[in-house]
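Coordinates in review
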Amino acid sequence: MQKYENYGISENTGRRGEATNQEKAIEINNLTKMYGNHVGVKDLSLTVHKGEIMGFLGPNGAGKTTTIRCCLALIAKTAGEITIFGLDSHRDAVAIRKKTGYLPGDFGLIPSVKVRSYLKYLLSLNGCSSTKKMLSLAERLQLDLDRKTNELSKGNKLKVGIVQSLMTDEDLIIMDEPSGLDPLMQQEFYRILRQEKKHGKTVFMSSHNLAEVESVCDRVAIIRKGQLVVVEDIQVLQEKTGKVLEVEFRDPFNINEFKFDGVSSIRQDNGRLILTIHENLDNVIKAVSNHQILNMNLKTYSLEQLFLKYYAEEEVDERGDA
Amino acid sequence: MFGRIAFMELRTGWKGLLIFGLLVLIVSAGIPMIFPTYRDSLIEEMEGASKVHLELPDEQGGMITLSWEPLETATSYMVLEDNRSSMVTPNIKYMGNETSITFEKDFEEKRYYAVMAVLDETSDPVLIGITATEKGEDPFQELLKNPAYAGFTGGRNISMLEVKGFVALEYYGWAWMLTGLFIAYLSVSLIASDFENKRMDVMFSAPISRRRYLLEKFTAMSVIALFIVLVQIAGLTSGLASINALNEFSANAVLLSLIGSLPFLMVIAAVGIATAIFSQKVRTGMGITFAFVFAEFFLYTFGGFSKSLEWMKTISIFKYWDYFSVIIDDLFKTGDFLILTLLAIVLIIAAIRVFQKKDIPT
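Residues numbered from 1 in each chain as written. Chains lettered and ligands numbered in written order. Predicted model: local features only at pLDDT ≥ 70, side-chain atom pairs only at ≥ 80, totals over all residues. Heavy atoms only, no water.

Here we take up the overall build of chain B. In terms of helices and strands, chain B carries 12 helices and seven strands. Against the 2.2 N^0.38 benchmark of 21 Å for 362 residues, chain B shows a C-alpha radius of gyration of 29 Å, more extended than a compact globule. Seen along its three principal axes, the alpha-carbon backbone of chain B occupies a region of about 100 × 45 × 35 Å. Here chain B holds 362 residues, and 50% of them are scored as buried. In chain B, once contacts between residues fewer than 6 apart in sequence are set aside, the share between residues at least 24 apart is 71%. Across chain B, 29 positive and 38 negative side-chain charges occur, with their mean positions spaced 23 Å apart. (Helix = DSSP H or I, 4+ residues; strand = E, 2+ residues; numbered from the N terminus. Rg over C-alpha atoms; globule rule 2.2 N^0.38 Å. Buried < 20%, exposed > 50% of the residue type's maximum accessible area, 1.4 Å probe, protein only. Contact = heavy atoms within 4.5 Å. Lys, Arg positive; Asp, Glu negative; His and termini not counted. Charge placed at Lys NZ, Arg CZ, Asp CG, Glu CD.)

Right under this line is the structure:
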């Protein structure tokens, strides 16, 4: 199997996708968080600009939640600085929370109260008296406000979490893995996020659901083992990753026929030809048409595949180093 | 606005609080109601006692006069003497036709006299009545001389035959276990369950400082403690009123003696909150807080054993809730009240300091 070429993805704290003249919503500089001898996050630097939706990707235990909870002063930092709207994350924690909505990755609700009462209680803690947005969000997400909190399914509990994070109309919304809704509701949730962005809100959301990040995010930061690996515009990343063409021929073929400029990877797998194409798609299709085709599929390179590929390469490199 | 978290705690927990309040009310009203039965059980009502009359001398060695109502059908009378009311092994003190006898009191212990009427040779004697040289005895009198009890009562002469003594020993002496342990349980679970059920992240997504969070929880606990104390006052007052014993207490004695327990309960609540912050687990926090309450009780108990151990009392919170002083001496110790209040405040400030530096676990 041929090895992929290097797409130029930075292994350092990649700032390439970041515009320097934009206002900063979150600025994290050299954040380190240790849990005893265990590294939670190490020397992480990241900026989230005002008005963008930033995805924060990484596998379980990579340090996404640790980073977010440091931002909200739920846990102490070991080193580094975090400022949110120019305020110090820990010294000005209460002031920051006045401007921030937060959906935790795992959370519990006060039991045996109606969802409506619970949300009103949270509104009052936020000093917000209007229930207009709460009611609108609940309607859009089809959340029954008259159910008791201890009677909710996992999905409905997540809806409560989403509503409470958005209902106070804060400037910054931080969400820790907001996936788990049914597909229709998930799409509605993405529409809500896009609307928030239109209204000038900043969203910083962690996820290991790459399709989710592709759907709504402007930029993505990838974290692994507590260290930031790459920060990139989603569009640029997708362009870099190209498209994948899978073709099944009736007859044998020679892979050299498909070597064109802009084709980064050529692979043969059980009689199937698998190409990664960045440009020159026209020439590739013409070359393919010289053969009798049984089956063909052209798709956008999934960020998930990129993600998996990237980690696979890292693992190989590490084993090589060892 | 301050108070919303406290209000939510009261709102979600009102059913449990109501049930506990009802229990406290029953206990507080019920214990005084037991007193008359208890007292009467010590003052023995012996059969036919109204028909037999005993006159006792003022001094040892004086003469006792025993008289009884005559029975028309009696041919003679017989007086039996024993030191047990069951009269299992009596001595025959008198046989004859008189209805009154006099004899020397040459003994110290309590003695019982049964007067029998002999009807004829074929019938068994008939009991006219039984009487005794003492009307009743307080089984706790000897016990209260024990240093452990004397330490509690402050060496005061307390009689269980009086409603004050009964209530002080049987109600106040045990009420702390009911109310104190409830407050310990509630204060720990109020905080630690927020950790265990992962409610902290949502709570602190709102612009709430950790100091405010703990102060609100402490406020909720203080309101709950006040509610319990008020229920105790209402229960005890109505219980005493139902046996017409309220006038045996000086005005406000019940009120002040129980208000004195308010800072005592607040200290327990503060310890519960502090241990919940420290342990972040309901079971561990509860274990530590319960151990604290019992350790304080034992320190106070051991402190009464000897002069050299008296220092133990000073570090026990039980020393600063001196209900005997209010009930028996009519003295409310404001200094003790303030010491406990100050201790509760110091403990809460310490808990806030610790919480401000601690990570909230996921």
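All names here are of chain B. Contact pair helix 6 (residues 210-242) / helix 12 (residues 334-357): the axes reach a minimum separation of 9 Å and the direction vectors enclose 145°. Here helix 6 runs over helix 12; the crossing is right-handed. Facing R210, R211, Y213, L214, L215 and F218 of helix 6, the residues of helix 12 in contact are A344, I348, A351, I352, F355 and Q356. The residue makeup of the contact of helix 6 with helix 12, split by class, is nine nonpolar, one polar and two charged. (Axes fitted to C-alpha atoms, helices over the stretch in contact; angles between N-to-C directions. Left-handed = near helix turned anticlockwise from the far one by under 90°. Nonpolar A, V, L, I, M, F, W, Y, C, P; charged D, E, K, R; others polar.)

Turning to the layout of surface pockets, a few remarks are in order. All names here are of chain B. Here the largest pocket is characterised by a volume of approximately 570 Å³. Along the walls of the largest pocket sit 27 residues, with E9, T12, L190, S193 and R199 positioned nearest its centre. The residue makeup of the lining of the largest pocket, split by class, is 16 nonpolar, seven polar and four charged. (1 Å grid on protein atoms, 1.4 Å probe; cavity = no way out; pocket = protein on both sides within 12 Å on 5 of 7 lines; lining within 4 Å. Points joined across faces, edges and corners; volume = space filled by probe spheres on them.)

All names here are of chain B. Applying the stated criterion across every chain yields a total of four cavities of 30 Å³ or more. Around the largest cavity sit L256, S257, G260, Y320, W321, D322, V326, F332, K333, D336 and F337, which together line it. Elements supplying a minimum of two residues to the lining of the largest cavity: helix 7 (253-259) and helix 12. Split by residue class, the lining of the largest cavity holds six nonpolar, two polar and three charged. Roughly 60 Å³ of volume is contained in the second largest cavity. Lining the second largest cavity are F152, Y300, F318, K319, W321, D322, Y323 and F324.

The next thing to look at is the packing of helix 4 (residues 163-196) of chain B against helix 9 (residues 282-303) of chain B. Residue and element names in this part refer to chain B. For the pair helix 4 and helix 9, the least separation of the axes is 8 Å and the interaxial angle reads 155°. The pairing of helix 4 with helix 9 is recorded here as roughly antiparallel in orientation. The chirality of how helix 4 crosses helix 9 is right-handed. In this structure, helix 4 uses W176, M177, L181, A184, Y185, V188, S189, A192, S193 and E196 to contact helix 9, whose residues at the interface are V282, G285, M286, T289, F290, V293, F294 and F297. Residues of the contact of helix 4 with helix 9, tallied by class, amount to 13 nonpolar, four polar and one charged. (Parallel < 35°, antiparallel > 145°, perpendicular 65-115°, else oblique.)

Turning our eyes to something else, we now look at the sheet that holds strand 1 (residues 24-35) of chain A. Residue and element names in this part refer to chain A. Pairing within the open sheet is antiparallel, and its four strands lie in the order 2-1-4-5. One side of each edge strand has no neighbouring strand; the edge strands of this open sheet are strand 2 (38-49) and strand 5 (87-88). By the bridge criterion, five bridges tie strand 1 to strand 4 (residues 79-84) in an arrangement that is antiparallel. Across the sheet, residue N29 finds its bridge partner in strand 4, namely E81. Of the strands in this sheet, strand 1, strand 2 and strand 4 touch helix 1 (residues 64-71), which is tilted by about 115° from strand 1. (Pairing = 2+ DSSP bridges.)

This part is about the interface of chain B and chain A. Taken together, the contact between chain B and chain A spans 24 residues of the former and 29 residues of the latter. For the chain B and chain A pair, buried surface summed over both sides reaches about 2,300 Å², with 60% attributable to carbon and sulfur atoms. Our enumeration of links across chain B and chain A arrives at three salt bridges. For K33 of chain A, the salt bridge is made with D359 of chain B, and the minimal N-O distance between the two is 2.7 Å. Linking chain B with chain A are 13 residue pairs in polar contact (both at pLDDT 80 or more). Those elements giving two or more residues to the side of chain B that touches chain A turn out to be helix 1 (4-42), helix 5 (200-203) and helix 6 of chain B. At five residues, the largest contribution of residues to the side of chain B that touches chain A is made by helix 1 of chain B. A per-class count over the side of chain B that touches chain A returns 10 nonpolar, five polar and nine charged. (Buried area = accessible area lost by both parts, 1.4 Å probe. Salt bridge = Lys/Arg side-chain N within 4 Å of Asp/Glu carboxyl O. Polar contact = N/O pair within 3.5 Å; in protein donor to acceptor, adjacent residues only side chain to side chain.)

A separate point is the domain arrangement of chain B. The assigned domain composition of chain B is domain 1 (4-40 + 142-357) and domain 2 (49-132). Computed over C-alpha atoms only, the centres of domain 1 of chain B and domain 2 of chain B are separated by 53 Å. (Domains from an automatic or database assignment.)

As a further point, take the nonpolar core. Nonpolar side chains in soluble globular proteins generally cluster together in the buried interior. Formed by 166 residues in total, the largest nonpolar core has its most connected members in I26 and L46 of chain A together with Y172 and Y213 of chain B. In terms of residue count, helix 4 of chain B provides more of this core than any other element does, 19 residues in total. Excluding residues within four positions of it along the chain, Y172 of chain B makes contact with V167, L236, V254, S257, L258, W321, Y323 and I327 of chain B. If you look at the next biggest cluster of nonpolar residues, it comprises 16 residues, including V52, W68, V79 and I101 of chain B. (Core = buried A, V, L, I, M, F, W, Y, C linked by side-chain atoms within 4.5 Å.)

Attention shifts here to the environment of F260 of chain A. All names here are of chain A. Within the fold, F260 resides in the loop between strand 11 (243-249) and strand 12 (263-269). When the C-alpha atoms of F260 and E279 are compared, they prove to be 8.9 Å apart, with 19 residues separating the residues in sequence. Non-local contacts of F260, meaning those with residues more than four positions away in its chain, are made with N280, N283, V284 and A287.

So, on to the environment of I352 of chain B. Residue and element names in this part refer to chain B. Along the chain, I352 falls in helix 12. On the accessibility criterion, I352 (9% relative accessible area) is buried. Sequence separation between I352 and L215 is 137 residues, and the spatial gap between their C-alpha atoms is 8.3 Å. With sequence-adjacent residues up to four places away left out, I352 is seen in contact with R211, L214 and L215.

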